[in-house]
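Observations on the three-dimensional arrangement
Spelled out, the chains give:
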Amino acid sequence: MNYDHIMIHYGELSTKGNNKRAFIKELGKNIRHALKGYSSLEYHSDHDHTYITLNGEDPKPIISLLEEVAGIQRISLVYKSEKDFETLAKNALGLIQNEEGKTFKVIAKRIDKTYPKHSFDIACDLGEYILKNTDLSVDVHKPDISLHVEIRAEAAYLYAHSYRGAGGYPLGMNGKVMMLLSGGIDSPVAAYLLLRRGIRIECIHFAAPPYTSDAVLDKLKDILAKLNIYQADIRLNIVPFTKLQLAIYQNVEEPYCITIMRRMMFRIADKLAKSHHCLGLATGESVGQVASQTLDSMIAINDVTNYPILRPLAVVDKIASIAMAEKIGTYEISVRPFEDCCTIFKPKRPKTKPKISECEYYEKHFEWESLVDEAVKNVSVIIVKDGVSTFYQHDDMQDDDEENKSEAE
Amino acid sequence: MIYFDNAATTRPSLAVLECFEKENEQCFANPSSRHAYGREAYRKLEDARLSILKSLSLSNDYRVLFTSGASESNNLAIKGIAKEYLRRGKRIITTQVEHPSVLEAFRSLEKEGFEVIYLPTKEDGTVDPETLKENMNKETILVSIMATNNETGSNNDILALSKIVHSFPKAFFHVDVTQAIGKRDLPYSSIDLFSFSGHKIHGLKGTGALILKKNITLLRQIDGGDQEYFFRAGTDNLPGDEALAVALEEATKNLQDNIAHAKEISSFLREELEKNDEILMNSPLEGSPFILNFSLKRKKASVVTEALSHEGIYVSSVSACNSKGEPISYVLEAMGFSKERAMNSIRLSFSRENTLEEAKTFLNTLQNILERTINR
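Residues numbered from 1 in each chain as written. Chains lettered and ligands numbered in written order. Predicted model: local features only at pLDDT ≥ 70, side-chain atom pairs only at ≥ 80, totals over all residues. Heavy atoms only, no water.

1. With respect to the sheet that holds strand β13 (residues 309-310) of chain A
Residue and element names in this part refer to chain A.
- The seven strands are arranged β13-β12-β9-β10-β11-β14-β15 in an open sheet whose pairing can be described as mixed. Taken across any chain shown, the strands that pair with only one partner, and hence form the sheet edges, are β13 and β15 (388-392).
- Taken together, the three bridges between strand β9 (residues 176-180) and strand β12 (residues 280-282) define a ladder with parallel strand orientation. Each bridged residue has a counterpart across the sheet, and for Met 179 the counterpart in β12 is Ala 282.
- In the packing of helix α5 (residues 186-196) onto the sheet, the strands contacted are β9, β10 (200-207), β12 and β13, and the crossing angle to β9 comes to about 170°. (Pairing = 2+ DSSP bridges. Helix = DSSP H or I, 4+ residues; strand = E, 2+ residues; numbered from the N terminus. Contact = heavy atoms within 4.5 Å. Axes fitted to C-alpha atoms, helices over the stretch in contact; angles between N-to-C directions.)

Structure (structure tokens):
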């Protein structure tokens, strides 16, 4: 006897009242996308669960894919049974005989209140039937096998295996943020955590050729291809940053260069976020990791934008971040050796406690507004969709902006 | 595209590609097979060996061992000799500026208990024969010195060095000729064994050879079948080996013309670059005309090479990193140059396909880039 369905529990969605229908619809779409390689699956959603009929498919790889879909609390491998007690008991016995262990417990839930037995009685009677017909004994505290029974209007569901889902909300239900992506270890992990929470991302990368190498772009494409599991298409905006960077380098005292540079990056990200209908900015920063990531620095940097700035790794240490990067497969891409020529701009004594007033003082000394506008105007774009990337030079982008507008309407 | 990175690898010639494709179609048999088809492959393989000896004007006192390239040949030669003849003595000698496939082979032997001498070089990157002489003793069984340095093009005096080695009857002289073969007149018959790759002379990646005197035995590094005189197991790559013979024939046939051609380009570039006060020349004047190495005084080499790459001009800057993770050339360091100079070198390397016109374009582009790049 084999499990023939997968039952998906929604979790946090239940708190969402009137929006719930939209959430379930969105989640259903995301689940179908994640499982698009399996054509024989059938889907059915109701208020509490989504059911997937396996039709003979091996559930293991399907469950691992579902574990990465945002908005799922729990995934159970279930057997759909007739509700009449005799059949139910036989099926329960058949399932538990395939399980390994010496002790068991039955947990029953009666959602269909017209069912003649109460939950407690269902559990007791099933337990008794199993005790009679097997060598198993009951242990209600630490059973080897926990057999769940859910009596619903259409059928009864039996299951003994549940897997933890990603949690969060279905992707897209919380809007989209502009993620600053460097190509290092942290920013892909931060992006992943956002996606797991159901937040769509669009990425922005600051390129300063020839002071930074084009090899970074190849890395970013590969990283985004890994993140395509969680979001099927990701847009990467590449900002030409060289002119602005040189202007900062020429006009700002060395200790303030990094802070001013970050302020310029956030100004550009802010502008792009506005025109691309994002609801926030996000970074892979971790408090205190480097000079520009102290809380003092964050105050000075946040000052240039009104957007909420999400920093999923704010309090995560590097080791934990590396572990997550390894898990999602971006670590080996991030550490790929290539020559980083950006060291020219690395100040010897960066300010760890920059002041906003000082930043404003330096920024008065050079004409950066036009450089920021120029950078925004000349953004080029890479769309990474299902692992395949397409490059758009800034000239070809007009159509795309139109598309964005209509999308917003 | 302007490709000035021919010391890294070259474009396979048409004749090489044709030979490889044709032979894969016509004779894919295993030269070790006993049937007539296999015997035909075997004959062709022997012909390829003969062709290589002929291109190098070597007698049949020498054997040609086909390998996957110079790194394998170097490893086989060095470890093979050291381990085969260790009862005769345990001193082995090389230089500080060899290719990693030589240096690392020596380091691994050093860990196994061999006494390894890493000879210093003169300021021009070559080994003074006197220095070698001072370090030779009766325990010495192997000396390995490259013919032409891959970073700077410094040319060692192979004849003088070989005379010193051979005044010690127990010692074998191995030469890595990867950057010299087909690019320089070499006294091959004064060398006991030498290594090279096909892809540096418009041949194919994954092809190469170790050529050695018949009286030398090697402890083989790959165990298995009895191919390559029992010195290297593995099914012979007949089409690749024949392609290697073709590449070598092409390279040696027009050797003097090719040298003159490279010299025209590199002399022109050297003269122009030396006028530029941003540039310090590293390659010695007497070095290989196929390699021109210089350092940037004030700019960062990786930035300039990246900018050149944007313009479709492909050159090389140091890629290996030191213990601190800084990219630095151990060759330039060994030649006595400052750390800053060793960290900011650029290598141009030419082939018979490059033109003077390309050299002029390169100079203009470089000048332009130097003007708009900030100092390091």
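2. Structural notes on the pattern of salt bridges
- Applying the stated criterion across every chain yields a total of 41 salt bridges over all chains.
- The network of salt bridges with common partners includes Arg 263, Arg 267, Asp 303 and Glu 363 of chain A. (Salt bridge = Lys/Arg side-chain N within 4 Å of Asp/Glu carboxyl O.)

3. Considering the pairing of β15 of chain A
Residue and element names in this part refer to chain A.
- For strand β14 (residues 380-385) and β15, the ladder comprises five bridges, and the chain directions are antiparallel. Its bridge partner lying in β15, Ile 383 is registered against Thr 390.
- Linkage of β14 to β15, two consecutive antiparallel strands, is achieved through a turn of two residues, within which Asp 386 is found at a positive phi near 45°.

4. Looking at a nonpolar patch on the surface
Residue and element names in this part refer to chain A.
- On the surface, a nonpolar cluster with roughly 240 Å² of combined accessible area is contributed by Leu 131, Val 138 and Val 140.
- Of note, Leu 131 is situated in helix α4 (residues 119-133).
- On the basis of relative accessibility, which here comes to 39%, the residue Leu 131 falls in the partly exposed class. (Patch = residues over 30% accessible without salt bridge, like charges linked within 9 Å, V, L, I, M, F, W, Y side chains within 5 Å. Areas by Shrake-Rupley, 256 points an atom, 1.4 Å probe, with all protein chains shown as cover. Buried < 20%, exposed > 50% of the residue type's maximum accessible area, 1.4 Å probe, protein only.)

5. Remarks on the sheet that holds strand β1 (residues 5-9) of chain A
All names here are of chain A.
- As summarised here, the arrangement of the eight strands in space is β2-β3-β1-β4-β8-β7-β5-β6, forming an open sheet in which the pairing is mixed. Each edge of the open sheet is held by one strand with a lone partner, namely β2 (42-45) and β6 (137-138).
- Two elements, strand β5 (residues 103-110) and strand β7 (residues 145-151), share seven bridges in a ladder whose sense is parallel. Directly across from Arg 110, in β7, lies its bridge partner Ile 151.
- In this fold helix α1 (residues 20-34) packs onto β1, β2, β3 (49-53) and β4 (72-81), with an angle of close to 165° to the strand it touches most, β2.

6. What about the interface of chain A and chain B?
- The interface is formed by 13 residues belonging to chain A together with 14 residues belonging to chain B.
- In this assembly, chain A packs against chain B so that about 1100 Å² is buried in total across both faces, 63% of it on carbon and sulfur atoms.
- Applying the counting criterion to the chain A and chain B interface returns zero salt bridges.
- Its residues placed into classes, the side of chain A that touches chain B shows eight nonpolar, three polar and two charged. (Buried area = accessible area lost by both parts, 1.4 Å probe. Nonpolar A, V, L, I, M, F, W, Y, C, P; charged D, E, K, R; others polar.)

7. Some details on the confidence of the model for chain A
- Confidence in the prediction of chain A, expressed as mean pLDDT, is 90, and 93% of residues score 70 or more.
- For the stretch residues 399-409 of chain A, pLDDT sits under 50, and the model shows seven contacts to residues farther than four places along the chain or on other chains. (pLDDT = per-residue confidence, 0-100.)

8. A word on helix α10 (residues 318-328) of chain A
Residue and element names in this part refer to chain A.
- Burial in α10 covers these residues: Ser 321, Ala 325 and Ile 328. One side of α10 carries all its buried residues, which in axial view fall inside an arc of 70°. Turned more than 90 degrees from where α10 packs its buried face, Ile 319 and Lys 327 sit exposed.
- Each element contacted by the buried residues of α10 is listed here: α5, α6 (215-227) and α11 (331-334).
- The N-capping residue of α10, defined by a side-chain oxygen 3.0 Å from the backbone nitrogen of Ile 319, is Asp 317.
- Positive backbone phi, at 85°, marks Gly 329, one or two positions downstream of α10. (Arc of directions from axis to C-beta. Polar contact = N/O pair within 3.5 Å; in protein donor to acceptor, adjacent residues only side chain to side chain.)

9. Here we look at the pairing of β2 of chain A
- With four bridges joining them, β2 of chain A and β3 of chain A adopt antiparallel strand pairing. What sits directly across from Tyr 43 of chain A, in β3 of chain A, is Ile 52 of chain A.

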